[in-house]
Amino acid sequence: MKEDTKREITINKILRMVAPGTVLRDGIENILRAKTGGLIVIGASEKVLSIMDGGFSIQCELTPSHLYELAKMDGAIIVSEDVKRVLFANTNLNPDHTIPTSETGTRHRTAERVARETGQLVVCISQRRNVITLYQGLFKYVLRDISVILTKANQAMQTLEKYKTVLDQELTNLSALEFEEAVTLDEVTTVLQRFETVLRIKAEIRRHITELGSEGRLVSMQLDELVATVDEQAYLLVKDYMNHGHDVTPHHVLSLFHGMPADDLMDGAKMAKAMGYAPSVNVLEEVVPSRGYRVLNKISRLPQPVIENLVEHFDILTNILSANVDHLDEVEGVGAVRARMIRDGLQRIQEQVLIDRHI
Ligand SMILES: Nc1ncnc2c1ncn2[C@@H]1O[C@H](COP(=O)(O)OP(=O)(O)OP(=O)(O)O)[C@@H](O)[C@H]1O
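Residues numbered from 1 in each chain as written. Predicted model: local features only at pLDDT ≥ 70, side-chain atom pairs only at ≥ 80, totals over all residues.

Asks: Which residues make up the overall build of the protein, and what are the values?
Replies: Counting its secondary structure elements, the protein contains 17 helices and eight strands. Computed over its C-alpha atoms, the radius of gyration of the protein comes to 28 Å, more than 25% above the 21 Å expected for a compact globule of 359 residues. Along the longest, intermediate and shortest principal axes, the C-alpha atoms of the protein span 85 × 40 × 35 Å. For the protein, buried positions account for 34% of its 359 residues. Taking all contacts inside the protein whose residues are at least 6 apart in sequence as the whole, residues at least 24 apart take part in 65%. (Helix = DSSP H or I, 4+ residues; strand = E, 2+ residues; numbered from the N terminus. Rg over C-alpha atoms; globule rule 2.2 N^0.38 Å. Buried ≥ 20, exposed ≤ 12 C-beta atoms within 10 Å, placed from the backbone. Contact = placed C-beta atoms within 7 Å.)

Asks: Quick rundown of helix α17 (residues 336-356)? Include the residues and the values.
Replies: For α17, with 21 residues, the first-to-last C-alpha span of 30 Å sits near the 30 Å given by 1.5 Å per residue. Residues Arg338, Ile342, Leu346 and Val353 constitute the buried set of α17. End-on, the buried residues of α17 take up no more than an arc of 80°, which puts them together on one face. Turned more than 90 degrees off the buried face of α17, the exposed positions are Ala336, Val337, Asp344, Gln347, Arg348, Glu351 and Ile355. (Expected span 1.5 Å × (residues − 1). Arc of directions from axis to C-beta.)

Asks: Could you give me a rundown of the domain arrangement of the protein, with the residues and numbers involved?
Replies: The assigned domain composition of the protein is domain 1 (16-143), domain 2 (145-289) and domain 3 (291-359). For domain 2 versus domain 3, the separation of C-alpha centres amounts to 24 Å. Facing the 13 residues of domain 2 at the interface are 16 residues of domain 3. Looking at the side of domain 2 that touches domain 3, the elements with two or more residues in it are α6 (146-179) and α9 (230-241). Considering each element in turn, the side of domain 2 that touches domain 3 owes the most residues, seven residues, to α6. A per-class count over the side of domain 2 that touches domain 3 returns five nonpolar, four polar and four charged. (Domains from an automatic or database assignment. Nonpolar A, V, L, I, M, F, W, Y, C, P; charged D, E, K, R; others polar.)

Laid out in structure tokens, this is it:
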């Protein structure tokens, strides 16, 4: 797994643990409001136990009010790995003082060092600054105010809506060109670049939603409605146009796009290379035939195995379009009725995209 992906998973896991709506977050918010400050370590691993000094063994259920009451005492609170029980309170932590830390106050220095030394998640609630900071290993994250994240999420959603409208129009135009057999690699890579941008904004909004926890439900519903099929559409487009002999899956190609710096996404030749085309290819002039997966998926009640059989039999969309009912009937899984359904379906789609296209 790539480093970025691993980091993303770790961040999401941590943010989910302290998201609004969780018992832990309610407790943290109580401590913040009471202005007592707090230092909470999640998980009493061997390493954590070895740097603990004094305090009380508590062994009680973790509730927001228990956390709040225990934070009135000095020292750190240690909770169980599953965040269900408070194990110790009022304990002094003695991490290795040679571990570097960028913090100044003793609470925050201790938090950062403990996180680096033990690898556990440490939550530091500042008494004076009204800030919650999360540490785990080398990772440090300052939790933002819910209203700030909500504003960011809504702004990102507006941007996404604009990009999605343009993407839909570009897909319609591409479909029209497919029926005219006039698609160049340039058109394909432009649409794929748009897809990748939409997917990146979607991922950013997902991160906001994770951090918003129970407060993010509405944004989450909006997002699902807006881009429910985007991943699948991108997959089908890559499947339609990746170089025939290219021996990787469309998912692999998509993961290469995900890993590309923004500048490379604007470079059609680099996108084409990820799809298995030679670096020397002239994307502006290279006319590429669609295999037909995306268009065939628009025909209702056409099972995936039949779509696979059709593409295998006819190789490219143009051949499927010019096949008569008898030819279609020869394909495994296609009877006379389904053959007519495919012909009518393709005709309807063609008529529709020609109406909707706008260049
Ligand atoms: N090694 C430690 N183990 C456990 N608790 C500690 C440790 N060091 C500091 N603390 C806690 O931090 C409190 C002191 O915080 P201090 O003001 O020095 O830190 P800070 O990082 O500036 O935090 P704040 O922003 O809350 O003031 C102590 O009263 C104690 O509760």
